[in-house]
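Structure at a glance
Listed below, chain by chain, are the residues.
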Amino acid sequence: QNYSYEDFVMGYKPNDKGGLDLKPGKFYKFCKDAEKDRDHKYFFIIDEINRGNLSKIFGELLMLIESDYRDKEIELSYKDEKFSVPSNIYIIGMQNTADRSLAMIDYALRRRFSFFEMKPGFETPQFKAYIGEMNDSRLDKLVNAIIDLNKLIESDDSLGSGFCIGHSYLCELGTKYSLDSIVDYDIVPMLREYWFDNNERYNQEAQKLRNALE
């Protein structure tokens, strides 16, 4: 929330002499690196992109990141310098749509991105092979129970696909793991949040997960 244009592009930072120095930000440096290496694609990944004030962070770069304005120069706010965003840079922003405490990214920035929804990978060949190596019938039953649970969550008008239970809960089981703990302390508390106003539904779905481990 406190990330700013000065961190992202350029701004004044305190020095050890008690004064201020003009320092380039992370995206500024990244653009300069990409500018020197036009033969390769550069990917700038922003996790939890909807947590920041994006209009404040990007500033005049809101225009420069558009495909029609790549490689076109403008003068930066803090420095008498012409700056452009190279066309070989690709910006990837990730966000969790289930986080109700945060707003979606504003429309000024939204129209500059294409959107792709990532769904839980329980039924992918890679995850099935990973689970198969565990050779654990309780784990197999739990995975099937979560898949059924996700179908219910997706069809719930107050929730939707963004609230589905992800496969990451079962991705680092290792040699010693407790499926009961994962259900009771990771997944079930989340269901309590989902159906805080519907005890019957919460208890019903939580019990289905526990039954899968019997």
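Rules behind the numbers
- Residues numbered from 1 in each chain as written.
- Predicted model: local features only at pLDDT ≥ 70, side-chain atom pairs only at ≥ 80, totals over all residues.
- Heavy atoms only, no water.
- Helix = DSSP H or I, 4+ residues; strand = E, 2+ residues; numbered from the N terminus.
- Rg over C-alpha atoms; globule rule 2.2 N^0.38 Å.
- Buried < 20%, exposed > 50% of the residue type's maximum accessible area, 1.4 Å probe, protein only.
- Contact = heavy atoms within 4.5 Å.
- Areas by Shrake-Rupley, 256 points an atom, 1.4 Å probe, with all protein chains shown as cover.
- Lys, Arg positive; Asp, Glu negative; His and termini not counted.
- Charge placed at Lys NZ, Arg CZ, Asp CG, Glu CD.
- Core = buried A, V, L, I, M, F, W, Y, C linked by side-chain atoms within 4.5 Å.
- Salt bridge = Lys/Arg side-chain N within 4 Å of Asp/Glu carboxyl O.
- Polar contact = N/O pair within 3.5 Å; in protein donor to acceptor, adjacent residues only side chain to side chain.
- Disulfide = S-S within 2.5 Å.
- Phe/Tyr/Trp six-rings, centres within 6.5 Å; stacked < 30°, edge-to-face > 60°.
- Pairing = 2+ DSSP bridges.
- Arc of directions from axis to C-beta.

1. Overview of the overall build of the chain
The number of helices and strands found in the chain is nine helices and six strands. For 214 residues, the compact-globule estimate of 2.2 N^0.38 gives 17 Å, and the chain exceeds it by more than 25% at 23 Å. Principal-axis analysis of the C-alpha atoms places the extent of the chain at approximately 70 × 40 × 40 Å. Looking at the chain residue by residue over its 214 residues, the buried ones come to 37%. Sequence separation of at least 24 residues holds for 60% of the intrachain contacts in the chain that already meet a minimum separation of 6. Total accessible area computed for the chain in this model is approximately 13500 Å², and 48% of it derives from carbon and sulfur atoms. For the chain, the separation between the mean place of its 29 positive charges and that of its 38 negative charges on side chains is 3 Å.

2. As for the nonpolar core
Ile153, Leu170 and Leu209 are the most contacted members of the largest nonpolar core, which totals 30 residues. The set of elements that each furnish at least two residues to this core consists of α6 (125-134), α7 (137-155), α8 (179-194) and α9 (199-211). If one sorts the elements of this core by residue count, α7 sits on top with eight residues. Ignoring any residue separated from it by four or fewer positions in sequence, one finds Ile153 in contact with Leu159, Gly160, Phe163, Cys164, Ile165, Tyr194 and Trp195.

3. Regarding the side chain of Glu60
Counting through the fold element by element, Glu60 comes out in the loop between α3 (54-58) and α4 (61-64). Buried within the structure, Glu60 lacks any salt-bridge partner; its nearest side chain of opposite charge belongs to Lys82, at an N-O separation of 11 Å. A polar side-chain atom of Glu60 sits 2.6 Å from a polar atom in the side chain of Tyr5. In this view, Glu60 contacts Tyr5, Ile74, Glu75, Leu76 and Ser77; residues no more than four positions away in its chain are not counted.

4. Focus on the state of the cysteines
By the definition in use, this model includes zero disulfides. Cysteine Cys171 remains unbridged, with the sulfur of Cys164 as its closest cysteine sulfur at 15 Å.

5. As for unusual backbone geometry
Phi at Glu48 is positive, roughly 50 degrees, even though this residue is not glycine. Position of Glu48 among the secondary structure elements: in the loop between β3 (42-46) and α3. Residue class for Glu48 comes out partly exposed when judged on its relative accessible area of 30%. Here Asn135, not a glycine, exhibits a phi torsion of approximately 50 degrees, which is positive. Within the secondary structure, Asn135 is located in the loop between α6 and α7. Classification of Asn135 by relative accessible area gives exposed; the value is 71%.

6. As for the packing of aromatic side chains
For the structure on display, the rule yields 14 aromatic pairs. Consider the rings of Phe8 and Phe27, whose centres lie 4.9 Å apart with planes at 5 degrees: the pair is stacked. Of the two residues, Phe8 is situated in helix α1 (residues 5-8) and Phe27 in helix α2 (residues 26-35); the sequence distance between them amounts to 19 residues. You'll find Phe8 and Phe27 in the same group, each marked buried.

7. Comments concerning the pairing of strand β1 (residues 10-14)
Sheet topology note: the β1/strand β2 (residues 20-24) ladder contains five bridges and is antiparallel. By the bridge assignment for β2, Gly11 is matched with Lys23.

8. Let's talk about α2
Residues of α2 that are buried include every one of Phe27, Tyr28, Phe30, Cys31 and Ala34, and no others. Projected down its long axis, α2 carries its buried residues within an arc of 165 degrees, all on one side.

9. Regarding the pattern of salt bridges
Pairs can form between side chains of opposite charge whenever their charged atoms are close. For the coordinates displayed, the defined rule picks out 11 salt bridges. For Lys79, the salt bridge goes to Glu81, with nearest N and O atoms at 3.4 Å. On the accessibility criterion, Glu81 (15% relative accessible area) is buried. Within this structure, Lys32, Glu35, Lys79 and Glu81 form a network of salt bridges that share partners.

10. Topic: the side chain of Arg112
Counting through the fold element by element, Arg112 comes out in the loop between α5 (107-110) and α6. From its side chain, Arg112 meets the backbone oxygen of Leu62 in a polar contact 2.3 Å long. Among the polar contacts listed, one links the side chain of Arg112 to the side chain of Glu66, at a separation of 2.9 Å. Ignoring sequence-local partners within four residues, the contact set of Arg112 consists of Leu62, Met63, Ile65 and Glu66.

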